[in-house]
Amino acid sequence: MGTRTLVHNPPPEVNFKENFSTPNLLHQSPSILNLLNSKCTDSLQNLRQVHAVILKTASFRDHYVAGSLVKCYANPQFRSLTSSLQVFQQVSAPNVFVFNCAIKGCLDNEEPANAILLYLEMVNSGSRPNKFTYPLLLKACTMVKCIAEGLQLHCHVVKFGLNGDKHVISAAIQMYASLGHIEEARNMYHSNEDSDVVCCNALINGYMKVGKVEAARDLFDKMLEKNVGSWNIMVSGFAKNDMIDEAKKYFDEMPVRDDISWSGMIDGFNKGDRFREAMEVFTQMQEAGVELNRFVLPSVLASCANVCALDQGKWIHAYVRSNNILLDEALGTSLIDMYSKGGCIDLAWDVFEKMEWKEVFPWNAMIGGLAMHGRSQEAIELFSEMTKRDIKANEVTFVALLNACANSGLVDEGLNYFKTMKQIYHVEPMMEHYGCVVNILGKAGFLVEAEDFIKTMPMKANGAVWGALLGACKVHGNVELGESVGEILLELEPESSGRYTLLSNIYAKAGKWDKVERLRGLMKERGVRTVPGMSMITDIKGDVHMFKVGDYSNLRMKDINLMLDKIIQRIKLHGYVPHTSEVLLDISEEEKETSLVYHSEKIAVAFGIMNTKLGSTVRILKNLRICEDCHSAFKIISLIYEREIIVRDRARYHHFVGGQCSCRDFW
Ligand code: ZN
Ligand code: ZN
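The following paragraphs examine the structure supplied in this document. (Residues numbered from 1 in each chain as written. Chains lettered and ligands numbered in written order. Predicted model: local features only at pLDDT ≥ 70, side-chain atom pairs only at ≥ 80, totals over all residues. Heavy atoms only, no water.)

## Quick notes on the overall build of the protein
Each helix and strand in the protein was counted, giving 34 helices and six strands. Against the 2.2 N^0.38 benchmark of 26 Å for 667 residues, the protein shows a C-alpha radius of gyration of 29 Å, consistent with a compact globule. In terms of overall dimensions, the protein has C-alpha extents of about 90 × 55 × 50 Å along its principal axes. When each of the 667 residues of the protein is scored for burial, the buried share is 52%. Residue pairs in contact within the protein that sit at least 24 positions apart in sequence constitute 65% of those at least 6 positions apart. The protein carries 72 positive and 80 negative side-chain charges, and their two centres are separated by 2 Å. (Helix = DSSP H or I, 4+ residues; strand = E, 2+ residues; numbered from the N terminus. Rg over C-alpha atoms; globule rule 2.2 N^0.38 Å. Buried < 20%, exposed > 50% of the residue type's maximum accessible area, 1.4 Å probe, protein only. Contact = heavy atoms within 4.5 Å. Lys, Arg positive; Asp, Glu negative; His and termini not counted. Charge placed at Lys NZ, Arg CZ, Asp CG, Glu CD.)

## A word on helix α7 (residues 133–144)
For α7, with twelve residues, the first-to-last C-alpha span of 17 Å sits near the 16 Å given by 1.5 Å per residue. Contacts made by the buried residues of α7 are with α5 (96–108), α6 (112–124), α8 (147–159) and α9 (166–178). The positive-phi residue at the C-terminal boundary of α7 is lysine 145, with phi of around 55°. (Expected span 1.5 Å × (residues − 1).)

## Thoughts on the coordination of the zinc ion (ligand 1)
At the metal site, the zinc ion (ligand 1) is ligated by His599 (ND1), Cys627 (SG) and Cys630 (SG), and these contacts range over 1.9 to 2.3 Å. Donor residues for the zinc ion (ligand 1), ordered by position in the chain, follow H-x27-C-x2-C. The exposure class of cysteine 627 is buried, given its relative accessible area of 9%. By relative accessible area, which is 0% here, cysteine 630 ends up buried. (Donors = N, O, S within 2.8 Å, 3.2 Å for Na, K, Ca; no water.)

## Concerning the packing of helix α31 (residues 557–573) against helix α34 (residues 628–640)
Look at α31 against α34: their axes get within 10 Å of each other, and the N-to-C directions meet at 90°. By the angle between their directions, the pair α31 and α34 is classed as roughly perpendicular. Packed against α31, whose contacting residues are Ile567, Arg570 and Ile571, the element α34 presents Ala633, Ile636, Ile637 and Ile640 at the interface. Broken down by class, the residue content of the contact of α31 with α34 amounts to six nonpolar, no polar and one charged. (Axes fitted to C-alpha atoms, helices over the stretch in contact; angles between N-to-C directions. Parallel < 35°, antiparallel > 145°, perpendicular 65-115°, else oblique. Nonpolar A, V, L, I, M, F, W, Y, C, P; charged D, E, K, R; others polar.)

## Things to note about the sheet that holds strand β4 (residues 645–648)
If you trace the six strands from one edge of the open sheet to the other, you get β2-β1-β3-β4-β5-β6, paired in mixed fashion. Single-partner strands in this sheet number two, and they are β2 (544–548) and β6 (660–661). The sheet contact formed by strand β5 (residues 653–657) and β6 spans two bridges and is antiparallel. The residue of β6 that forms the bridge with valine 657 is glutamine 660. (Pairing = 2+ DSSP bridges.)

## Some details on unusual backbone geometry
If you check the backbone angles, arginine 79 has positive phi at about 50° while not being a glycine. On the secondary structure map, arginine 79 appears in the loop between α3 (63–73) and α4 (81–90). Overall, the relative accessible area of 37% leaves arginine 79 in the partly exposed class.

## Thoughts on the environment of leucine 331
Within the secondary structure, leucine 331 is located in helix α19 (residues 329–341). Look at leucine 331 and you get buried, because its relative accessible area is 0%. On a C-alpha basis, the gap between leucine 331 and leucine 224 in space is 36 Å, while along the polypeptide they are 107 residues apart. Ignoring sequence-local partners within four residues, the contact set of leucine 331 consists of Arg294, Leu297, Pro298, Leu301, Val320, Ile325 and Leu326.

## Description of the coordination of the zinc ion (ligand 2)
Bound to the zinc ion (ligand 2) are the protein donor atoms His631 (NE2), His654 (ND1), Cys661 (SG) and Cys663 (SG), situated 2.0 to 2.3 Å from the metal. Between the four donor atoms coordinating the zinc ion (ligand 2), the angles at the centre fall across 103 to 115°, so the site counts as tetrahedral. Of note, the donors binding the zinc ion (ligand 2) are all from one chain and are spaced H-x22-H-x6-C-x1-C. (Tetrahedral: all angles 85-135°; square planar, octahedral: opposite > 155°, others 65-115°.)

## A word on the pattern of salt bridges
For side chains of opposite charge, pairing can occur when their charged atoms come near one another. For the structure shown, the criterion picks out 26 salt bridges. Note that glutamate 277 is salt-bridged to arginine 274, the shortest N-O span being 2.8 Å. With a relative accessible area of 26%, glutamate 277 lands in the partly exposed category. Classification of arginine 274 by relative accessible area gives partly exposed; the value is 24%. Several salt bridges share partner residues, and in doing so they unite Glu214, Arg217, Glu246 and Lys249 into one network. (Salt bridge = Lys/Arg side-chain N within 4 Å of Asp/Glu carboxyl O.)

So this is what it looks like as C-alpha cells:
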C-alpha cells in the first residue's frame, strides 16, 4: 500500500509526537470543509472539483481538510478507495485524525485487512492512536475474524490508557462476542463499572449470536435502561435462533419502534418461511404510518419475492420512483431479486441497468436470476462484463454461475469455472460449489464422473451434494447407483423426508414396489414425516392462497375441483397422458391417476385460471420440485388456455408458454 514502508513491529515505547493538528490554519479551510461535507457526499464530480480547489489554495496542509478529503473519496458509493488512499499518501506527517479517516475508509469499503495495516503504519510513524481509532480496528478484526490481532489490539488499548472509554469497551465486547469468545466479552462487561446500554447491547448480541438465548434474555430483563437498540437485538436475536414467535412477542411489546425493528421482524418471518405473516407486518407498518424508506423496503421486497406477490412488489417499485428514493445497492438488489423471483426477469434487468453504483451484490442477484430462468448464456456474458469492470466476484457469484451451467447442460464451461474460481478469482470452493459441479455432471448424465468427483472432494460430502447425485439418478433412471447413493443419504440424513421420497420415486419408476414398501416401513420406524406438497398463488388483490393435497380449507374448493376436472378432460383430448410412475404407492392405475390430479400445483393452476383476467399470467410457487406429470400437464394447459404459467419450484423456474417450457424439459 503506497510509498511508505510498513514495518511489522510492535509499537515503539516512547517517542510519540503529540500530533495535534491546527484547525483553521488557513482562512479558507472552514468553507472548504463546508463544501466537502455538503456538496461532495453524493457526487464524485463535485468532489474532484473541490479537490482541485484544495490543491490550488494549499489548504491541503490543513490536516482536517486532508482527512476530510480522504474520507470523502472513501465513500463506498464512489468505489474509489484507491484514490482515497492515494490522497492519504500525499499527506505529510498525517495526524491521528487523518489516519482514522483512512482506516474508516478501508472498513467502509470492506477492506478490513488494509485498515489493520494502516494502524501498523500509524504506530510506527509515531502517531498516537486515540479513542476513535480502536473501535474501528476492533471492528476490522471482527470482519476478518482474527482474534489474535484483536487480543493484541486490546493490549494496546490498555497500554494507551483507553480501557476506560465506553466506545472502546463496547467495541471490544462486540468483537469478543462476535468471534465466539463470549466469556471474555462477559468478563469485560462485568469488570467495567460504567458499562452502559451500548456495552450491554453488545453482550446481548453476542449471546444471541452463539445461541445463548436464555443468557441474553436474563441480561435484557436486568437492564435498568433499555433503548430501541436493545429491543431490536432481542427481536432479531430470537429470529436468528429460530424462535420467531418469541421475536414477535418482544416486537409487540416494544415501546418504540424504528426502521430496524420493522425490517428485523419482517426478515424474521421471511427467514422462518412465514411469508404471509411477514406481509401482515408490512400492512401493520403502513397502518402505523411508518415512512417507507430505503432501509425498510428491502425486507418488504424480500417478502414479496418469497410469495411471488408481484403486484405488491411493483407497487413498491412505483413508490420508490415517485418518492425519489435512492436506489442504493441494497434496495436495487432486492428489487432485482423480487422481479426475478416473481418471474419477470426483464423487469429485473431494467432495474439492474438503472443502478448507478453496482458492487458485487446486484451483479450476483442478476446472474442468479438469469440462471434460475434458464438464460444461461446471458448469465455467463454478464459475468464476463462484471470481471471486465473489475468487480470482485465472491462465493455467491460462482454458485449462480455454476447453476447457470447446470441448468443448460453446459458441462465444459461449468467445470472450467469451477477450476478457475480459485486459480484466477481467488475464491475458495466451498461445499455448495462442489454440489453445483455434481449437479452439472449428474444432470448431463455423467453419473459415474459425478460420483468420482465426490470422492475427490477435500471435505466429506454433505447431504446436499449426495442429494444432487440422487436427483440425477432419478432423472436418468439409474436404479443401481441411485440405490447405493440413497443408502448413504439415509444414513447421513435419517430425518430428511425428501431423500426417502426421491429414492422411493426411483424405485417406483423401476416398478420395484417391494423396495418402495421397505422404505415406507423404514420411515415409519424412524418417525419421519413427509413434507406435503404445497403451492401458493397470489390473487389480483394480493391475497396469498395456499393449497395442499387433501386440504379443503379454501371455501371454494368444490368449484376449484370442478374446474380442475374440466381442465384435465380438455388436456387429455390434446394428448395428455398421466405419468403414473410419479405416484409412490403400489395402487391401481385408476387410483394413481386421481391422486396425480390433486397435486397442489394443479389445484393452484385451476384456481389461477378461475381467478385471474383472461390471458393473464398465472404465477405459482411450489415448496417441492414440480413433478414430471404436472410439468407435462402445464405445457398443454399453457397451449390450450393461452396462458403463460410460471412455476417457481424449489430448484428453478418453469415458464410454460404455447405448449413449451423454458427449461426445455431439462431440470
Ligand atoms: Zn405434480
Ligand atoms: Zn420446465
